[in-house]
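# Architecture at a glance
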Amino acid sequence: MRLATFNLLHGRSLTDGLVDPDRLTAAVRALDADILALQEVDRDQSRSGHHDLTTLAAQALDAPEHRFAAAVVGTPGVQFRPLRHDDDGHGEPCYGIGLISRYPVRTWQITRLPPAPLRSPIYAPGPGGGLLLLRDEPRVVLAAVLDTPHGPLTVAATHLSFVPGWNAHQLRRVVRALRALPAPRILLGDLNLPAGPARLLTGWQPLARRPTYPATAPRVQLDHILADPHGLHRLPPVTAVDTPRSTISDHRPLIVDLG
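Residues numbered from 1 in each chain as written. Predicted model: local features only at pLDDT ≥ 70, side-chain atom pairs only at ≥ 80, totals over all residues. Heavy atoms only, no water.

## Let's talk about unusual backbone geometry
Stated precisely, the cut-off is as follows: Elements are defined by DSSP. Helices are runs of H or I of four residues or more, strands are runs of E of two residues or more, and each kind is numbered from the N terminus. Exposure classes here rest on a 1.4 Å probe applied to the protein chains alone. A residue is buried below 20% of its type maximum, exposed above 50%, and partly exposed in between.
Look at the link from A183 to P184: it is a cis peptide, with omega at -5°. Looking along the chain, the bond that leaves Y213 and enters P214 is cis, with omega of -5°. By secondary structure assignment, the location of P214 is in the loop between β12 (205-206) and β13 (223-227). Look at E40: it is not a glycine, yet its phi comes out positive at around 55°. Assignment of secondary structure puts E40 in strand β2 (residues 35-43). With relative accessibility at 15%, the residue E40 sits in the buried group. Here H50, not a glycine, exhibits a phi torsion of approximately 60°, which is positive. By the secondary structure assignment, H50 is in the loop between β2 and α2 (53-60).

## A closer look at the pairing of strand β15 (residues 254-258)
Condition: Being paired, for any two strands, means DSSP has found at least two bridges between them.
Buried residues dominate β15, accounting for five of its five residues. Taking every second residue as pointing to the same face, both faces of β15 are buried, with L254, V256 and L258 on one and I255 and D257 on the other. In this sheet, β15 lies alongside strand β1 (residues 2-7) in antiparallel orientation, the contact comprising four bridges. Residue L3 lies in a different strand from β15, and its bridge partner there is V256. Note: strand β14 (residues 238-242) against β15, four bridges, orientation antiparallel. Pairing of A240 across the sheet is with D257, part of β15.

## Regarding the pattern of salt bridges
Inclusion rule: Between Lys or Arg on one side and Asp or Glu on the other, a salt bridge is scored when a side-chain nitrogen of the former is within 4 Å of a carboxyl oxygen of the latter.
The tally for this structure, following the rule as stated, stands at 13 salt bridges. Across the pair E92 and R81 runs a salt bridge, and its minimum N-O distance is 2.9 Å. Remark: R81 occurs in strand β4 (residues 79-82) and E92 occurs in the loop between β4 and β5 (94-101); sequence separation between them is 11 residues. The exposure class of E92 is partly exposed, given its relative accessible area of 30%. Taking the relative accessible area as the measure of exposure, R81 reaches 21% and is therefore partly exposed. Residue D86 pairs with R112 through a salt bridge whose shortest N-O separation is 2.9 Å.

Following this line, the structure appears as structure tokens:
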């Protein structure tokens, strides 16, 4: 069983700044993941050719099960609004996360996380950067209970806030939500937290300890695959970990093989 998480940067290449669906498809196909969590995912955005990036990724993996969960309607950094309900935003550009599985899905669950209440100072590198007061975005958790060769498995994808402290608050809430679903449980995603705090806040076991950001020369692990110790013995052990280079994104994907 291969698990992977990948912050797509909406499929954009750092080399030419373009979003090419063929390049995105090739990048995802190279992961060969049975379960893939995606972050910074577009649906019907002009900047990514109005594609449904989750569907493109699922087709690349020949995965029959996939779902996109919007965090906002609109375009982050330009204009956006929170969703009013889970089916909101059809026919409008949306931005959020995706979860893809080659295994059958028994049930899906969405948990919504509110944004930080105040604008937060964030340092942005490069021209026009510096210390900026940024408005946080709502976040979302997308969980699925899968039928796998090792029995039922709960997996969840998320992308937490960049605001220090608020992301910790969100992560604790994520764990509480997932504890209501069957064990074993695995959380995949960009938590915007290093490995140490992620483990301390959850009590969950990291299945991989590798830096994933920035993609060109990774120095910190923001992308994680964490397993709840309860029921973990039902899954095979970790046999391989990889953070391969990709032709897209400012993050590296994180891959874990079990068994």
